[in-house]
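Read off the chains here:
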Amino acid sequence: MGFEKFGRKSFTGITKTAKFVDFLEEGKVNGTVCKKCGAKYFPPRADCAACFSNEMDWFEMPKKGKLETYTIAYYAPFGFEADCPYTMGVAEFEGGLKLFARLSKDLKPEDINVGMDVSVKPVKYEDGQMSFEIVRA
Amino acid sequence: MAKDVAVIGVGQSYFVRGYEGSIRELAFEAFREAMQDAGITTKDIDASVFCSAPEYDKQRSPAGVLAEYLGLIPQPTFYIETVCSSSSTGVKVAYGMIKSGLHDVVVVLGFQKMSEITSAESQERMGRGADIQWESPFGTMMPAYYALYAQAYMAKNGLTHEDLMNVRIKSATYGQINERAVYRKAVTQADFDPNNPNARMAAPVAWPLRVGDACANADGSSCIILANAEKAKAFSKKPVWIIGIGAASEAVNMAARPDFSKGLRAPYIAAQQAYTMAGIKPSDVKVAEVHDCFTIAEIMAYEALGFAPVGEGKQLIREKATYKEGRIPVNVDGGLLSKGHPIGATGGSQIRTIVLQLRGEAGPMQVPGEPDIGLVHNVGGVGLYGNVTIFGR
């Protein structure tokens, strides 16, 4: 339980990585790191694909990244229509970890460029849902 | 060139909006044509494989239901899916079944009745088209994912909206002469002009992609009949051989994808495998079908297949090299953009086009010069599954 609070609308209720949402509440965007072999994952995983261990720790995502690509959605799937238009993108962080998320509403389309410096932070929606978004660095 | 497994029959329904019949009747349209093409009876078929994207099907476990309607009981049957490349995967599996010696003749039937569910249900499923745990909660849809590739690719490689428009105009050129296509109208520059109030294709869907950059949904079916060498020679005057097969997969989550400006990786890996198996190089291909679910996807496919150097795909459309008379004709049946994209039927339809081209039976779409090698590039999801199949005479 707990993961239904993730995102604008969650499609998953139960996952071993549900603690991710608690970290968002604490202001952290966390991935997982394997205790055995050190492999890092974002989004978080409960199991290590490199060494098969299921002993994972949490780590906080780096703050300095670059926007690799983005799109502005003018149509939305069922349940997201009220948010249109909204922007989503991929940011690459130090160490090569990437993250997919919406971009902050503060970023106007004319201010967004491929390659710009960005960071990531948690966001709480008015209905209590928790997510994270790409923000200007 | 290995001549172990051949295509001996091909069929395809008309691709339409709102098919007036059930999925079994839709499947029968392609099956009938393929069986008549092969000139065989159901007694000659050893097994059947059915392919679709299950989220559009109301019928659970459709293989048994369709096999019965097609008269293929009690032969073994089963179901396969890799979303938009389901029937290419079906052909790959059938190839293995025949090559292993397990069966002599196998039917691969792809179908999709996208209108089987309401548009509200369809919208709901669209939202679950990718990683439902980590991406769907942001409100993702298929055009947005391809737009991520388009944005990065355009920024790096100087590809323009005009280039994308010209891919759409090319596909419409051939959609008009393909009587099975769902979209048969011409497309002109005026359709993409944002200052033209009647422009049908200019509105943004997921920037930088516009309405005209997206393929047409459709209901449809396709059927490919495969046979081993002995049966192919006995049944068919013009067998078309599968000479190369490649397939690969990719991370579903965008966070785990390599450089977006370089296009999709899985189809590139699949192409390398298929070229190696066939013992040919890209310049040996005389006609190709690529998965142009969006205009940008066709440009990326040119590069994945080695028809153009990385970053230079735009030159092929600028030079009209992929038109019917060009150096490497691509999607001269209208492609997904105009012929339509009934998900599970698409790969089989692409294969049918190439088989007809190699037999010299493609009618008004026939590529000149008696092509002897053709290629099909069929992608499932946003590059989640890459499939490349090469055919020879």
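Residues numbered from 1 in each chain as written. Chains lettered and ligands numbered in written order. Predicted model: local features only at pLDDT ≥ 70, side-chain atom pairs only at ≥ 80, totals over all residues.

(A) View of the sheet that holds strand β2 (residues 40-41) of chain A. Residues and elements named next belong to chain A. Pairing within the open sheet is antiparallel, and its 3 strands lie in the order β2-β1-β3. Looking at which strands have only one partner, the edges of the open sheet turn out to be β2 and β3 (56-60). Bridge analysis of strand β1 (residues 30-34) against β2 gives 2 bridges, and the strand direction is antiparallel. Bridge pairing in β2 links Val33 to Lys40. (Pairing = 2+ DSSP bridges. Helix = DSSP H or I, 4+ residues; strand = E, 2+ residues; numbered from the N terminus.)

(B) Layout of the pairing of strand β3 (residues 77-80) of chain B. All names here are of chain B. Bridge count for strand β2 (residues 47-51) against β3 is 4 bridges, and the pairing is parallel. Paired with Cys51 across the strands is Ile80, a residue of β3. For the crossover that starts at β2, traverses helix α2 (residues 62-69) and ends in the parallel β3, the hand is right-handed. (Right-handed = clockwise from strand over helix to strand, strands pointing away.)

(C) Examining the interface of chain A and chain B more closely. The interface of chain A with chain B comprises 34 residues on the first partner and 30 residues on the second. The set of elements that each furnish at least two residues to the side of chain A that touches chain B consists of β4 (65-73), β5 (86-93) and β6 (98-103) of chain A. With 6 residues, the top contributor of residues to the side of chain A that touches chain B is β4(A). Considered class by class, the residues forming the side of chain A that touches chain B number 20 nonpolar, 8 polar and 6 charged. Bridge count for β4(A) against strand β5 (residues 204-207) of chain B is 2 bridges, and the pairing is antiparallel. Across the sheet, Ala73(A) pairs through a bridge with Ala206(B), a residue of β5(B). (Contact = placed C-beta atoms within 7 Å. Nonpolar A, V, L, I, M, F, W, Y, C, P; charged D, E, K, R; others polar.)

(D) A look at the environment of Pro77(A). Tracing the sequence through the fold places Pro77(A) in the loop between β4 and β5. Dropping the residues within four chain positions of it, Pro77(A) is found in contact with Gln123(B), Met126(B), Gly127(B), Gly139(B) and Met141(B).

(E) Fine view of the sheet that holds strand β11 (residues 385-392) of chain B. All names here are of chain B. What the 9 strands build is an open sheet, ordered β3-β2-β4-β7-β1-β8-β11-β10-β9; its pairing is mixed. At either end of the open sheet lies a strand with only one pairing partner, and these are β3 and β9 (287-289). Going across the sheet, the axis of each strand differs from the next one's by a mean of 25°, ignoring polarity. Relative to strand β7 (residues 220-228), strand β1 (residues 5-12) runs antiparallel, the two sharing 7 bridges. Bridge pairing in β7 places Val7 opposite Leu226. Relative to β3, α2 is tilted by about 130°, and along the sheet it contacts β2, β3 and β4 (105-112). (Axes fitted to C-alpha atoms, helices over the stretch in contact; angles between N-to-C directions.)

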